[in-house]
Amino acid sequence: MPLKIEEVLIAAAMAGMALITFGNVVVRYLTSVSFAFTEEYSVVLMVVVTMLGTSLAVAAGRHIRIGYFVDLQRPEIRARFEIGAMALVIVCFGILFVYGARLTWDEYRFEVLSPGLGHPQWLYTGMLPLLALAVVGRALGRIIRFARGEQA
Amino acid sequence: MTGFILFGAFVVMLLGAVPIGVALGLAGTLAIWLAGQSIMAVPTNVYAGIAKYPLIAIPMFVLVGSVFDRTGVALRLVRFATALVGAGRGALATVSVLVAMVIGGISGSGPATSAAVGQVVTRSMIRDGYPRAFIASTVGAAAATDILIPPSIAFIIYAVMVPGVSVPAIFAAGMFPGILAGIAIIVPILIISWIKNFGGQMRETEDRLTVWGTFKEAIWGLMAPVVILGGMRIGAFTPTEAAVMAVFYGLFIGFFVYRTLTLRDVYEMLVEAGELSAVILIVVALASVFAWSTSTLGVIEPVAKWIVGLGLGEYGTIALLMIALIIIGMFLDGVSTFLILLPVLIPIANSFGWDLVWFGVILTMKIAIGQFTPPLAVNLMVSCRIAQVPMEATIPWVVWMILAMFVALAMVVAVPDIALWLPRVLGY
C-alpha cells in the first residue's frame with residue numbers, strides 16, 4: 001500500500017483545520033455572526049490527522065521512543081526488538097479497533113448526538129477504530145519488512 | 001501491586017524502544033484489566049484525550065514552524081544579525097543563539113529549531129574557524145530556549161493539563177525566562193570563543209552585508225513573533241487562531257515577498273506538519289489511558305504525599321524535582337515528560353502553594369536543559385547530525401552552557417517575578 005493515501009488525506013485534513021480557523025476569524029471580524037460551532041469539525045479533523053500521521057510514522061519508524069539502549073545491540077537483535085515493538089503497536093491499536101468499534105456501535109444504537117452541532121456522534125468516534133486499522137496494517141507491513149531482513 | 005505492574009511494564013517497554021505512546025497506552029490498559037475495570041475506558045479516554053479544542057493549537061503551531069522553515073526566514077535572520085554584530089571572535093556563534101531565539105518565537109519545538117538554525121549556520125561557522133563539536137553544542141543549547149519563548153508546544157500541553165493555567169498566561173510567563181536563558185548561553189559561548197580564538201577567521205566575505213539591506217529582508221521574519229504574540233495580546237486571536245494567522249502570513253512571505261515557495265511545498269508542509277503533530281498527539285491520546293488508570297488505582301497520591309513528607313522544604317523539594325526532571329529530560333522529550341509526571345507534580349506544587357504558572361515555567365526550563373544534556377539530548381542529536389560529529393565530542397563545550405542555563409533557572413526559582421511579571425501586567 002503506498003503511503004500516498006495517508007499523505008493526501010493528512011494534507012487535506014490539515015488544510016481543512018487551518019481554513020476553518022481562518023474562516024472563523026474572518027467571519028467574526030467582518031460580520032457579527034459567530035462561527036465558533038465549527039470547532040467541532042476542527043476537533044474531528046485533528047483526531048483524523050493524529051491517527052493517519054501515527055500510521056505514517058509507524059511505517060517510517062519515526063515515533064518518539066528511547067532508541068538508545070536498543071541501538072547499542074547487534075543488528076539481528078535490534079531487528080528482533082523492532083519486531084517486538086511493532087507487535088505491541090498492533091496489540092495497542094488492535095484494542096483501539098475492537099473496543100473503539102464497540103463504542104461507536106453503542107453511540108449508533110443509542111443515537112448519541114454531538115454536543116455542538118447535533119450530528120450523530122458515531123460518525124466522529126468511528127474515525128478512531130477505522131483509522132486504528134490503518135496503523136495496524138502499517139505495523140504489519142513493517143514487521144514483514146524486518147522479518148525479510150530489509151532495513152526499513 | 002497493580003501500581004508496580006503499571007510502572008514496571010511501562011519502563012520495560014520504554015527501554016525496549018517501544019514507541020512511548022504505545023508503552024503508556026498498553027501499560028494503562030494492562031492495569032485497567034488487572035483492576036477488573038472495563039476495557040471500554042481505553043477508547044473512551046483516547047478519544048476524549050485528543051478531542052480537545054485547545055490542542056488544535058499544536059498542529060497549527062507545528063505548521064507555522066514548517067512554513068517558516070521553508071520560506072528561508074532563518075537564513076535571512078542570520079544575514080541580518082551578522083551584519084549587525086560583525087564578524088569578530090564568537091560573533092557568529094552569538095548570532096546563531098539570537099536567531100534561534102527569534103525562531104523560537106515562531107516555532108514551538110526544540111528539535112525543529114535545532115534543525116532550522118543548524119542547517120543555516122553550520123557551514124559558515126566551520127569556515128569562520130569554529131570546531132564542529134562547538135557548533136553542535138551552540139546550536140543544540142540555543143534551540144533549547146525555543147520551548148520557553150512562546151509559542152511553545154510544551155506550554156500548550158501544560159496549560160491543557162493543569163486546570164487554572166491559560167495558554168496566553170504561560171506563554172507570557174515564558175518570555176523573560178527564555179530571553180534570560182538565551183543570554184545565559186551566550187556568556188560561556190563568548191568566553192570560550194575569546195579564550196580559544198574561535199571565529200572571525202573568514203577571510204573573504206563573499207558579499208558585503210549592509211545592515212539596511214539585510215534588515216529589509218529580515219523584517220518580515222522578525223515581524224512573525226509580533227503577529228503571533230501581538231495578536232494574542234490585544235485579544236484579537238486565540239492561540240490557535242494566532243497560529244493560523246502566522247501560517248497565512250508565512251505563506252504570504254514565501255509566495256510574494258521571498259518568492260521561495262511553490263504549491264508543491266505547501267502540500268509537503270501540510271503532510272510534514274501533520275505527521276509531526278500526530279507523533280506528539282498520539283502520545284497525548286494514549287497517555288490519557290495511563291493517567292486514567294493511575295488516578296483510578298490511586299497510585300499517584302501516595303507518591304506525591306511521600307515526596308512532600310520528606311520534609312525537604314520548598315527549595316529542597318525544588319532541587320529534588322530539578323535533578324529528577326533533568327535525568328528524565330535526558331531520555332524523554334518535554335511533552336512526554338509532562339504527560340507522565342504532571343499528575344504527580346501538580347499535587348506537590350499545590351501542597352506548597354506554588355504559583356502554577358511559575359511552576360510550569362521552571363519545569364519547562366528543566367526540560368529545556370535536559371534537551372541538550374548528553375547522551376540522549378534530543379536537540380543535540382539533531383545539531384550533531386548536521387555538524388557530523390558524535391555527541392560525545394560536544395561534552396567539553398556543552399557542560400558550560402548547561403551550567404549557564406542552570407544559573408538562569410536558579411534565578412527564576414529565586415525571583416519568580418522574572419516569569420510572573422509579564423503575565424501580571426498583561427492582565428492574564
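For the structure, check the block above.
Conventions used here
Numbering of residues begins from 1 in every chain and follows the order in which that chain's sequence is written. Whichever chain is written first becomes A and whichever ligand is written first becomes 1, with later ones labelled in order. It should be noted that, the model being predicted, local features are given only for residues of pLDDT at least 70 and side-chain atom pairs only at 80 or more, the latter also being counted only at that level, while totals for whole chains, interfaces and linings use all residues. By convention in this description, side-chain values take in all heavy atoms of the structure and omit both hydrogens and water. Only DSSP runs of H or I with at least four residues qualify as helices, and only runs of E with at least two residues qualify as strands; both kinds are numbered from the N terminus onward. Radius of gyration here uses only the C-alpha atoms, and the compact-globule reference equals 2.2 Å multiplied by the residue count raised to the power 0.38. Three labels apply to residues, based on accessible area from a 1.4 Å probe with only protein chains included: buried if under 20% of the type maximum, exposed if over 50%, partly exposed otherwise in between. The contact definition used throughout considers only heavy atoms, calling two residues in contact when any of these lie within 4.5 Å. Surface exposure here means Shrake-Rupley accessible area, sampled with a 1.4 Å probe, where a residue is shielded only by the protein chains that are shown. We count Lys and Arg on the positive side and Asp and Glu on the negative side, and we leave His and both chain ends out. Think of each charge as sitting on NZ of Lys, CZ of Arg, CG of Asp or CD of Glu. By definition, the buried area sums, over both parts, the 1.4 Å-probe accessible area that each loses when the two are put together. Every case where a carboxyl oxygen of Asp or Glu lies within 4 Å of a side-chain nitrogen of Lys or Arg is listed as a salt bridge. Each residue gets one label: Ala, Val, Leu, Ile, Met, Phe, Trp, Tyr, Cys and Pro are nonpolar, Asp, Glu, Lys and Arg are charged, and the others, such as Gly, are polar.

Asker: Which parts of the structure should I look at to understand the overall build of chain B?
Answerer: What chain B contains, in helices and strands, is 20 helices and zero strands. In terms of overall dimensions, chain B is globule-like: its C-alpha atoms have a radius of gyration of 22 Å, near the 22 Å expected for 428 residues. Along the first, second and third principal axes, the C-alpha set of chain B runs to 70 × 45 × 45 Å. Out of the 428 residues in chain B, the part that is buried amounts to 61%. Across chain B, contacts joining residues at least 24 apart in sequence account for 80% of those joining residues at least 6 apart. Only carbon and sulfur atoms are counted for the fraction: they give 70% of the accessible area of chain B, which is about 15,600 Å². Measuring between centres, the 19 positive side-chain charges of chain B sit 6 Å from its 18 negative side-chain charges.

Asker: When you look at the interface of chain B and chain A in this model, what are you seeing that I'm missing?
Answerer: Size of an interface: often given as the accessible area lost when the parts come together. Contacts between the two partners involve 54 residues from chain B and, on the opposite side, 54 residues from chain A. In total, chain B and chain A occlude about 4,800 Å² of area from one another, counting both sides; carbon and sulfur atoms represent 81% of this. The three residues of chain B that bury the most area against chain A are M40, Y47 and E275 of chain B, which together make up 14% of that side's buried surface. Viewed at the interface, chain A and chain B are joined by two salt bridges. Salt-bridge contacts for R62 of chain A lead to E275 of chain B; the nearest nitrogen and oxygen are separated by 2.6 Å. Elements with a contribution of two residues or more to the side of chain B that touches chain A: α1 (2–15), α2 (20–34), α3 (41–50), α4 (57–71), α12 (239–257) and α13 (263–297) of chain B. For the side of chain B that touches chain A, the element with the most residues is α13 of chain B, which contributes 13 residues. Its residues assigned to classes, the side of chain B that touches chain A shows 42 nonpolar, eight polar and four charged.

Asker: Help me understand the pattern of salt bridges in this model?
Answerer: Two side chains that carry opposite charge are able to pair once their charged atoms sit near each other. All names here are of chain B. Summed over the entire model, instances satisfying the criterion amount to 15 salt bridges over all chains. For R70, the salt bridge identified is with E268, shortest N-O distance 3.0 Å. Taken together, the residues span a long stretch of sequence, with R70 in helix α4 and E268 in helix α13 at a distance of 198 residues. One salt bridge in this structure joins R76 and E217, with 3.3 Å as the shortest N-O distance. Highlighted residues: R76 in helix α5 (residues 73–85) and E217 in helix α11 (residues 211–233), separated in sequence by 141 residues. When salt bridges with common partners are traced through the structure, they connect R70, R264, D265, E268 and E272 into a single cluster.

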